[in-house]
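Results of the structural survey
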Amino acid sequence: MQGADGRCDAMRLFVQRARSVRGGFELTDAEAPLVADIVRKLDGIPLAIELAAARTNLLGVSQIQERLSRRFELLRGGRRDGSARQSTLWGAIDWSWNLLEPAERAALAQCSVFRGGFTLEAAEAVLMFPPGGPDVMEIIHSLRSKSLLRAYAPDGLPGELRLGLYESIRQYASSRLAERGEGAILATRHASCYLAMARRLSARMRGEGGELAFRRLSLERENLLAACDNALAVVPANEGSLERALGALVALEPDVTARGPVGITQSRLDRALELSSTVKVEPLLRAEALAVRGRTHHGAGQLAAAWRDLEAARSAFDALDAVDRAKRVLVDLSIVARDEGDTGTAWELVQEAHELPSLGDRWLDAYTVGNLGILEMGRRGAGAAVPHLRTALELFRAVGDVAFEVGFLTNQAMAIGEGGGTAEAVALLEEAMEKASRVGDRAGHALARVNLGCFLLDAGRAAEAREHLEATVRMGRQLGMRILEGAALGELGRALVALGALEDARARLSESISILDRVSRWHALRFTAHLASVQAALGELEAARDGFASLEVTPELRDDTVLRELSSLLRASLDLAEAARSTPGSEAGLKSLAEARRRVERARVAPAEAASSDLREALRVLGRSVLGAYGDTAQA
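Notes on the structure follow. (Residues numbered from 1 in each chain as written. Predicted model: local features only at pLDDT ≥ 70, side-chain atom pairs only at ≥ 80, totals over all residues. Heavy atoms only, no water.)

On a plain count of helices and strands, the chain comes out with 34 helices and two strands. For the chain, the C-alpha atoms occupy an extent of roughly 95 × 70 × 45 Å along the three principal directions. Of all 636 residues assigned to the chain, the portion counted as buried reaches 53%. For the chain, restricting intrachain contacts to residue pairs at least 6 apart in sequence, the fraction spanning at least 24 positions comes to 63%. Accessible surface, the chain as shown: approximately 27,400 Å² in total, 51% of it carbon and sulfur. For the chain, the separation between the mean place of its 80 positive charges and that of its 87 negative charges on side chains is 4 Å. (Helix = DSSP H or I, 4+ residues; strand = E, 2+ residues; numbered from the N terminus. Buried < 20%, exposed > 50% of the residue type's maximum accessible area, 1.4 Å probe, protein only. Contact = heavy atoms within 4.5 Å. Areas by Shrake-Rupley, 256 points an atom, 1.4 Å probe, with all protein chains shown as cover. Lys, Arg positive; Asp, Glu negative; His and termini not counted. Charge placed at Lys NZ, Arg CZ, Asp CG, Glu CD.)

Below is the structure:
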């Protein structure tokens, strides 16, 4: 794999060759990332880079990048100083192919079935030679010595090597595999190998060596996607092809959830489930795929679709008497209900799940009690939540599931921080971020980071909070996680308020609410209160009144102590704005000022279950503002 220095050399070669055919060529800042992507997709192969750069006499850099999917057409000719075999990329690879022994040609063609690299063990399982044929390891060694295969050490797995084909060579070899008529049987052998591997890794992810298994599964994403795509390409679809596709998609869930983007499997799930509605497949596997699609919809913020799929999966699991799987889906449904703002239904579902047996599955116990704890935070406050969250964290650690350990480190930190333990929360979140980074859990890292920004703000470190929250907004978009993006935008709005950038805060809070209205009712209401407060501070009193009035009619404000106390306090900003607009010393102005003071005093004696970082930050800001307003009145 190319390092940073290799990419720089490759980009310099591209620029030099481009200038030789187009003398005025200059690489702009906007084009530099495109050229970096071009040389990456060409695997840093000098001939390929020179041929691509030669096309700058006709095409722009962005056009070259767009045409790389048809690289053999794009990179045909372009060198006037070379032999015929050097004037096209196909010709260069073809020349090397013709020098190979028959067994080497067969192996190179068959290796094109792999994606994203492979191990020698996988090659030995997938490649096929007649009885008494050559040893796979010897042929792989021969192809490596001729630079037709590359070897590299994957990050986080010291002492191990992976093999891979440069993409240009893989595409050439794939065409040769099609000529040999071996594509279908190789695709089946490839899928069988990687589905078996994924099952082994999934089992290990919930046991000793879970972190290592998590890393290994992430390395096989492209092979599992290829297994799925090859299976979906079978026409007409049959039981075996659809079970391979569904199996690959179920196996991919932990990696896609952790590294995103969440939508990478969605269209594939749609296709596989549609086909399996008319072709008989193993019922339990189809139900599992429905549950996976439901959780995928939830991650993408599509709550209604998530509910439909999870309910369908629940019915299927009940019919199959798969109690443990039904229990998990009940918890999943409670999460969707919670995000829809229906905490009553969410509580009933998680309680129903809690009463079902886990059949000895400690992971399932952790998942259930952990989500019960999250609901308790909204119902009875952080103090009631922490014991459940701590139990869940200990169980996830014991079973070795690193991704859920990261998630519940964050959930525990959130409860502790909302209860006032800001320093402890920051330490736990930094631990979660370090662990997530170590294993490549981008979603876990982003979730911890948005909460870190929240509690840095609580600690009076608004500038640091802003940096973390801006980064998390970008991560949420890259991952396709709408709830994360929306929450990060809202927290960023709060940080901007603390920094005095009210107009920017209004924009970020408005953007946050537009996202969260569809994916997390509770957070949308919370940030609506903050937006109304900002509007009042900017003198937009009518908009602020409308915002607070819309909150007052929601059942959540009546039932949720945290939201109720926060909204009451933030309304003091509207009282202060109305007092400032009144005639100095007037009855109306003094009444508004007294109301603001009453709200601040109420917040200072709010019940423990109403405690939140939002409330504390708003109390600091509005407490000073009320004090200042009374000082101004006294002077007047």
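Following the structure, the description resumes.
A few words now on the packing of helix H29 (residues 541-552) against helix H32 (residues 572-581). In the contact formed by H29 and H32, the axes pass within 10 Å of each other and the chain directions differ by 150°. In terms of orientation, H29 and H32 fall into the roughly antiparallel class. Between H29 and H32 lies a crossing whose hand is left-handed. Residue-level contacts link Leu541, Ala544, Arg545 and Phe548 of H29 to Ser573, Leu574, Ala577, Glu578 and Arg581 of H32. Here the residues of the contact of H29 with H32 sort into five nonpolar, one polar and three charged. (Axes fitted to C-alpha atoms, helices over the stretch in contact; angles between N-to-C directions. Parallel < 35°, antiparallel > 145°, perpendicular 65-115°, else oblique. Left-handed = near helix turned anticlockwise from the far one by under 90°. Nonpolar A, V, L, I, M, F, W, Y, C, P; charged D, E, K, R; others polar.)

This brings us to the packing of aromatic side chains. The tally for this structure, following the rule as stated, stands at ten aromatic pairs. Ring centres 5.1 Å apart and planes at 80° place the aromatic pair Trp363 and Phe404 in the edge-to-face group. Of the two residues, Trp363 is situated in helix H20 (residues 362-380) and Phe404 in helix H22 (residues 402-418); the sequence distance between them amounts to 41 residues. The positively charged end of Arg328 is found above the aromatic ring belonging to Tyr367, 4.8 Å away from the centroid. (Phe/Tyr/Trp six-rings, centres within 6.5 Å; stacked < 30°, edge-to-face > 60°. Lys NZ or Arg CZ within 6 Å of the ring centre and 35° of its normal.)

Bringing the nonpolar core into the picture now. Among the nonpolar cores identified, the biggest contains 148 residues, and Leu108, Phe114 and Phe118 are the most heavily contacted of them. Among residues more than four places away in sequence, those in contact with Phe118 are Cys111, Ala123, Leu149, Arg162, Leu163, Gly164 and Tyr194. Among the nonpolar cores identified, the runner-up in size contains 27 residues, and Ala529, Leu563, Ala577 and Leu593 belong to it. (Core = buried A, V, L, I, M, F, W, Y, C linked by side-chain atoms within 4.5 Å.)

Turning to unusual backbone geometry, a few remarks are in order. Put simply, Val235 and Pro236 share a cis peptide bond, and its omega is -5°. Locating Pro236 in the fold gives a position in the loop between helix H13 (221-232) and helix H14 (239-259). For the bond running from Gly260 to Pro261, omega is -10°, close enough to zero to count as cis. With respect to the helices and strands, the residue Pro261 is situated in the loop between H14 and helix H15 (266-275). Of note in this structure, Leu359 is not a glycine but carries a positive phi near 55°. Its place among the elements puts Leu359 in the loop between helix H19 (343-355) and H20. The class for Leu359 is exposed, based on a relative accessible area of 60%.

Tracing the backbone shows Leu212 in helix H12 (residues 210-219). Residues Leu212 and Gly400 lie 188 residues apart in sequence; the distance between their C-alpha atoms is 9.9 Å.

On to the pattern of salt bridges. Evaluation of the coordinates by the stated rule reveals 55 salt bridges. Here Arg12 and Asp9 are joined by a salt bridge, their closest N and O atoms 2.3 Å apart. Highlighted residues: Arg12 and Asp9, both in helix H1 (residues 4-21), separated by three residues, approximately one helical turn. Taking relative accessible area as the criterion, Arg12 reaches 46% and is therefore assigned partly exposed. With a relative accessible area of 44%, Asp9 lands in the partly exposed category. Across the salt bridge formed by Asp94 and Arg176, the nearest N and O atoms sit 2.7 Å from each other. Pair noted here: Asp94 is in helix H6 (residues 89-98) and Arg176 is in helix H10 (residues 167-180), with a separation of 82 residues, a long-range link. A single salt-bridge network, built from bridges that share partners, covers Arg477, Arg482, Glu485, Arg508 and Glu511. (Salt bridge = Lys/Arg side-chain N within 4 Å of Asp/Glu carboxyl O.)

Right, let's get into the packing of helix H25 (residues 462-479) against helix H26 (residues 482-498). Packing of H25 against H26 leaves a shortest axis separation of 8 Å and a crossing angle of 160°. Judged by the inter-axis angle, H25 sits roughly antiparallel to H26. Seen along the crossing, H25 lies across H26 with a hand that is left-handed. Across the interface between the two elements, Ala462, Arg466, Leu469, Glu470, Thr472, Val473, Gly476, Arg477 and Leu479 from H25 touch Leu484, Glu485, Ala488, Leu489, Glu491, Leu492, Ala495, Leu496 and Ala498 from H26.

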